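Read off the chains here:
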Amino acid sequence: SAAHITEDNRRVTAFHEGGHALIACVTEGALPVHKATIVPRGGALGMVMQLPEADMTSWSRRQMIAEMDVCMGGRAAEELVFGELNITSGASSDLERATQI
């Protein structure tokens, strides 16, 4: 529950999710950010939700690369703010997602 999340974890989560959102906002081809939160839901400490502006039946190469960039944005933010040795395991699902693309 939210009561068990340390302030340090909340800070890392905020930068991690902020990294995803920032990359989504500045990357051509990325889906628009619909919502970003650091309120824990399920197994995630936070999330950034992106929604297409119209129905999508296929993805262009540009869109797929943009999605991979967004996936890596959380890890990149953690590394920039906290240093390479302090990157958390929170990026593991992002790496899995980028690999699936």
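In this text the structure is predicted, and so the values were computed from the model without any measurement.

Engineer: Honestly, the packing of helix α1 (residues 7–26) against helix α2 (residues 61–82) in this entry has me stumped. Any pointers?
Structural biologist: For any two helices packed against each other, the geometry is given by the interaxial angle and the distance between the axes. Orientation of α1 relative to α2, taken along the N-to-C sense of each, is 135°, at an axis distance of 7 Å. As the angle between them shows, α1 and α2 are arranged oblique. Between α1 and α2 lies a crossing of right-handed hand. Here Arg11, Val12, Phe15, His16, Gly19, His20, Ile23 and Ala24 of α1 come into contact with α2, specifically with Asp69, Val70, Cys71, Gly73, Gly74, Arg75, Ala77, Glu78, Val81 and Phe82. Considering only residue class, the contact of α1 with α2 consists of nine nonpolar, five polar and four charged.

Engineer: Where do I start with a nonpolar patch on the surface in this structure?
Structural biologist: Together, Phe15, Leu80 and Val81 line one region of the surface with nonpolar side chains, adding up to about 290 Å² of accessible area. As for its placement among the helices and strands, valine 81 is situated in helix α2.

Engineer: Just checking my understanding: could you explain the pattern of salt bridges for this structure?
Structural biologist: Should their charged atoms come close, side chains of opposite charge can pair. Throughout the structure, instances matching the rule amount to three salt bridges. Close ionic contact of arginine 62 with glutamate 28 constitutes a salt bridge, the shortest N to O distance being 2.7 Å. Here glutamate 28 lies in the loop between α1 and β1 (33–37) and arginine 62 lies in helix α2, a separation of 34 residues in the sequence. Here glutamate 28 falls in the exposed class, since its relative accessible area comes to 57%. A salt bridge links glutamate 67 to arginine 97; the shortest N-O distance between them is 3.2 Å. Pair noted here: glutamate 67 is in helix α2 and arginine 97 is in helix α3 (residues 92–100), with a separation of 30 residues, a long-range link. Taking relative accessible area as the criterion, arginine 97 reaches 35% and is therefore assigned partly exposed.

Engineer: Hey, could you run me through the side chain of threonine 37 in this one?
Structural biologist: Topologically, threonine 37 is positioned in strand β1. Judged by its relative accessible area of 14%, threonine 37 falls in the buried class. Once residues within four sequence positions are removed from consideration, threonine 37 is found in contact with Glu17, Gly46 and Met47.

Engineer: When you look at the side chain of glutamate 17 in this model, what are you seeing that I'm missing?
Structural biologist: Locating glutamate 17 in the fold gives a position in helix α1. Although buried, glutamate 17 forms no salt bridge, and the nearest oppositely charged side chain, lysine 35, lies 12 Å from it. Among the polar contacts made by the side chain of glutamate 17, one reaches the main-chain amide nitrogen of valine 48 at a distance of 3.4 Å.

Engineer: Hey, could you run me through α2 in this one?
Structural biologist: Structural remark: α-helix, 3.6 residues per turn; residues separated by three or four positions point the same way. Spanning 22 residues, α2 covers 32 Å between terminal C-alpha atoms, matching the ideal 32 Å at 1.5 Å per step. In α2, a bend of some 35° at glycine 73 exceeds every other bend along the element. Here α2 has its buried residues at Ala66, Glu67, Val70, Cys71, Gly73, Gly74, Ala77 and Glu78. For α2, the secondary structure elements touched by its buried residues are α1, β2 (47–50) and α3.

Reading guide: rules and limits
Residues numbered from 1 in each chain as written. Predicted model: local features only at pLDDT ≥ 70, side-chain atom pairs only at ≥ 80, totals over all residues. Heavy atoms only, no water. Axes fitted to C-alpha atoms, helices over the stretch in contact; angles between N-to-C directions. Helix = DSSP H or I, 4+ residues; strand = E, 2+ residues; numbered from the N terminus. Parallel < 35°, antiparallel > 145°, perpendicular 65-115°, else oblique. Left-handed = near helix turned anticlockwise from the far one by under 90°. Contact = heavy atoms within 4.5 Å. Nonpolar A, V, L, I, M, F, W, Y, C, P; charged D, E, K, R; others polar. Patch = residues over 30% accessible without salt bridge, like charges linked within 9 Å, V, L, I, M, F, W, Y side chains within 5 Å. Areas by Shrake-Rupley, 256 points an atom, 1.4 Å probe, with all protein chains shown as cover. Salt bridge = Lys/Arg side-chain N within 4 Å of Asp/Glu carboxyl O. Buried < 20%, exposed > 50% of the residue type's maximum accessible area, 1.4 Å probe, protein only. Lys, Arg positive; Asp, Glu negative; His and termini not counted. Polar contact = N/O pair within 3.5 Å; in protein donor to acceptor, adjacent residues only side chain to side chain. Expected span 1.5 Å × (residues − 1). Bend = angle between axes of the 7 residues up to and from the residue.

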